[in-house]
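Structural characterization, general
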Number of protein chains: 4
Amino acid sequence: MTKLRLKMNLAELEAFLSREFPQGFGPGRPHSIISVSPGTAKVRLRAGEDQLRPGGTVSGPSLMGAADAAVYVAILAVLGPVAHAVTTNLSINFFKRPQPGDIIADCKLLKTGKRLVIGEVAMRAEGDEELVAHCVATYSVPPR
Amino acid sequence: MTKLRLKMNLAELEAFLSREFPQGFGPGRPHSIISVSPGTAKVRLRAGEDQLRPGGTVSGPSLMGAADAAVYVAILAVLGPVAHAVTTNLSINFFKRPQPGDIIADCKLLKTGKRLVIGEVAMRAEGDEELVAHCVATYSVPPR
Amino acid sequence: MTKLRLKMNLAELEAFLSREFPQGFGPGRPHSIISVSPGTAKVRLRAGEDQLRPGGTVSGPSLMGAADAAVYVAILAVLGPVAHAVTTNLSINFFKRPQPGDIIADCKLLKTGKRLVIGEVAMRAEGDEELVAHCVATYSVPPR
Amino acid sequence: MTKLRLKMNLAELEAFLSREFPQGFGPGRPHSIISVSPGTAKVRLRAGEDQLRPGGTVSGPSLMGAADAAVYVAILAVLGPVAHAVTTNLSINFFKRPQPGDIIADCKLLKTGKRLVIGEVAMRAEGDEELVAHCVATYSVPPR
């Protein structure tokens, strides 16, 4: 893997995503970026009404959405805003029902290839060390 | 696989899901059941505002949610309303951006074991033959 | 999916694979092709000594190898002998220990794209209807 | 995750596996254990004739077998020799053709539950830092 460099910082990513992905990012939306570095991204999933399932815990599809978003953020950060990346494969294991509260999705890129980028995501309830879920997602990216 | 029998019909499933899974099912919600048989379920994902992504097509997380829901419906139908089934693994491949419009998620149970039930889901834009996505999901079910 | 046509028949495939993939195919080797059609392939895994695990049943890695081979055969059949296809992702669910005996791996291509081809494989002990395993594999293929 | 403790050391694991899994472990066999700790295992895949594919690199099925074996070793180490663990799901991404030579499979358990244990495996050519493949596997274990 060639050395990765940040092409967008946190503020640029939030602005880009609020515009391009308004269901997920922006004021009042469930996802926000906590931090980003070359090859990693940390995304918060706010546990609002829409994300809850009976019992008050975050639903599986909300976790999947947050995992997918975390990988997307990590990819945009190193590829820049022009990238039209699309998920081609996502595989997720669910380990336990999270406690009510926010979820932190911690993405590390495993490979940044010319056509495929793969990231893994560790998901935890905020303040808890144990994994709630673990996800590996592949994005197809335009050749550079 | 022992012969599967329906323990809930379509109306019973819709009533149960509107109560237990109100984010997904019920009036004004994105998911509805088209049909169910022992070992299969067909679920419609209504492509409303919340499910769309830029370009007017259904988002990946919405497809994942519908796939997960279709397997859940197929499981409830043969296990009955008492089941507390939880997804333990979901793997999905995305093949192409769907055309704007509803998505049909077609689930077939591959195995109905004592502790694990596995279903596969073929997803298509309504009226189109080509797959938009294909998903395999495992649910952990309480021992019977 | 544009209409698929066979570019290699069964005899051509066996000859090609015995040469290019001699660990798997050819006299005395574990894999052989039962049938092929545009978009499908059926491969036999002979349950020899090397494939067995304690208890006389075929091992998980042997099943994975046969699933991977079945998708490869289905791809070669429609892309022709020039293809340098490589597996990029393989996801398999194991359902039950197979009975001692041969395994039949039944592949259907789900998508035949310009860069990615995805196939699913149903695996059964010969003569048994129940699934032993189910696999979905993605191959990266050279642009055509 | 409750604190894990080793119930078998490296020598006990090698002895157990040579007896129970003679195709994989033991003198002249492809797999050997490099190290083990509570929740991790490192396994070497010797790149012998049987594991090679055209071009002299280790084949995909050999990598899958080594990943599966690494998770099995990590599980036995903390569950002890009585465990009849079976793989229920394995998902692997292949990143690049490894250089000729041995492969190191580095397993970390992500969850050690009562019924399911999940491990992830990073695979590299010996002496190389880049990933060759990355795998996540789920084992079903007898209730304890």
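Note that this is a predicted model, so its numbers are computed, not measured.

Our next topic: the overall build of chain A. Within chain A one finds two helices and eight strands. Secondary structure elements of chain A, listed N to C terminal, follow the sequence α-β-β-β-β-α-β-β-β-β. The C-alpha radius of gyration computed for chain A amounts to 14 Å, which stays within 12% of the reference 15 Å derived for 144 residues, consistent with globular compactness. Each principal axis of the C-alpha distribution contributes one length, and for chain A these read about 45 × 30 × 25 Å. Evaluated residue by residue, chain A yields a buried proportion of 58% over its 144 residues.

The subject of this paragraph is the state of the cysteines. The tally for this structure, following the rule as stated, stands at zero disulfides over all chains. As a non-bridged cysteine, C135 of chain B has C107 of chain B as the owner of its nearest cysteine sulfur, 8.8 Å distant.

The strand order 1(A)-2(A)-6(A)-7(A)-8(A)-5(A)-5(B)-8(B)-7(B)-6(B)-2(B)-1(B) describes an open sheet built from 12 strands, whose pairing is antiparallel. Each edge of the open sheet carries a strand with a single partner, namely strand 1 (31–37) of chain A together with strand 1 (31–37) of chain B. With direction set aside, neighbouring strand axes in the sheet form an average angle of 20°. Sheet topology note: the strand 1 of chain A/strand 2 (residues 40–45) of chain A ladder contains six bridges and is antiparallel. Opposite S37 of chain A, over in strand 2 of chain A, you have T40 of chain A as the bridge partner.

Here we come to the sheet that holds strand 5 (residues 86–94) of chain D. Ordered by their spatial adjacency, 12 strands build an open sheet running 1(C)-2(C)-6(C)-7(C)-8(C)-5(C)-5(D)-8(D)-7(D)-6(D)-2(D)-1(D), and the pairing between neighbours is antiparallel. Of all strands in the sheet, those with a lone pairing partner are strand 1 (31–37) of chain C together with strand 1 (31–37) of chain D, marking the two edges. The mean inter-strand angle of the sheet, taken between neighbouring strand axes irrespective of direction, is 20°. With nine bridges joining them, strand 6 (residues 103–112) of chain C and strand 7 (residues 116–125) of chain C adopt antiparallel strand pairing. Note on strand 7 of chain C: the bridge partner recorded for K108 of chain C is E120 of chain C.

This brings us to the pattern of salt bridges. Residues and elements named next belong to chain A. Applying the stated rule across the entire model yields 16 salt bridges over all chains. In this structure, E126 and R44 form a salt bridge, with 2.8 Å as the shortest nitrogen-oxygen distance. Of the two residues, E126 is situated in the loop between strand 7 (116–125) and strand 8 (133–140) and R44 in strand 2; the sequence distance between them amounts to 82 residues. For R44, a relative accessible area of 22% puts it in the partly exposed group.

Take chain B, turn it by 180°, move it 0.0 Å along the axis, and it overlays chain C with an RMSD of 0.0 Å. Given the turn and translation reported, the copies of this chain are related as if by a two-fold rotation axis. Considering only C-alpha atoms, the part of chain B nearest the rotation axis is S91 of chain B, at 3.9 Å. When the interface residues of chain B are mapped onto chain C, 100% of them again fall at the interface, so both copies present the same face.

In contact at an axis separation of 9 Å, helix 2 (residues 60–79) of chain C and helix 2 (residues 60–79) of chain D are set at 150° when each is read in the N-to-C sense. On the basis of their axis angle, the class for helix 2 of chain C and helix 2 of chain D is roughly antiparallel. For helix 2 of chain C against helix 2 of chain D, the interelement crossing comes out right-handed. Within the contact between the two elements, helix 2 of chain C uses P61, M64, G65 and D68 of chain C and helix 2 of chain D uses P61, M64, G65 and D68 of chain D.

For the rest of this paragraph, the subject is the interface of chain B and chain C. Of the residues lining the interface, 13 residues belong to chain B; the matching set on chain C comes to 13 residues. When chain B packs against chain C, the two sides together hide about 1,100 Å² of surface, and 54% of this comes from carbon and sulfur. Where chain B meets chain C, there are zero salt bridges. Between chain B and chain C we count two residue pairs in polar contact (both at pLDDT 80 or more) in total. At the level of elements, strand 5 (86–94), strand 6 (103–112), strand 7 (116–125) and strand 8 (133–140) of chain B are the ones that each hand at least two residues to the side of chain B that touches chain C. Here the side of chain B that touches chain C gets three residues from one element, more than from any other, and that element is strand 8 of chain B. Among the residues making up the side of chain B that touches chain C, the classes are represented as six nonpolar, four polar and three charged.

Looking now at the confidence of the model for chain A. Residues and elements named next belong to chain A. A residue-level look at chain A finds 92% of positions with pLDDT of 70 or above and a mean pLDDT of 91. Within chain A, strand 2 carries the highest mean pLDDT (98), whereas strand 3 (residues 52–53) carries the lowest (58). Reported confidences for the modelled complex are a pTM of 0.94 and an ipTM of 0.93.

What counts, and where the lines are drawn
Residues numbered from 1 in each chain as written. Chains lettered and ligands numbered in written order. Predicted model: local features only at pLDDT ≥ 70, side-chain atom pairs only at ≥ 80, totals over all residues. Heavy atoms only, no water. Helix = DSSP H or I, 4+ residues; strand = E, 2+ residues; numbered from the N terminus. Rg over C-alpha atoms; globule rule 2.2 N^0.38 Å. Buried < 20%, exposed > 50% of the residue type's maximum accessible area, 1.4 Å probe, protein only. Disulfide = S-S within 2.5 Å. Pairing = 2+ DSSP bridges. Axes fitted to C-alpha atoms, helices over the stretch in contact; angles between N-to-C directions. Salt bridge = Lys/Arg side-chain N within 4 Å of Asp/Glu carboxyl O. Least-squares fit on C-alpha atoms with pLDDT ≥ 70 in both. Contact = heavy atoms within 4.5 Å. Parallel < 35°, antiparallel > 145°, perpendicular 65-115°, else oblique. Left-handed = near helix turned anticlockwise from the far one by under 90°. Buried area = accessible area lost by both parts, 1.4 Å probe. Polar contact = N/O pair within 3.5 Å; in protein donor to acceptor, adjacent residues only side chain to side chain. Nonpolar A, V, L, I, M, F, W, Y, C, P; charged D, E, K, R; others polar. pLDDT = per-residue confidence, 0-100.

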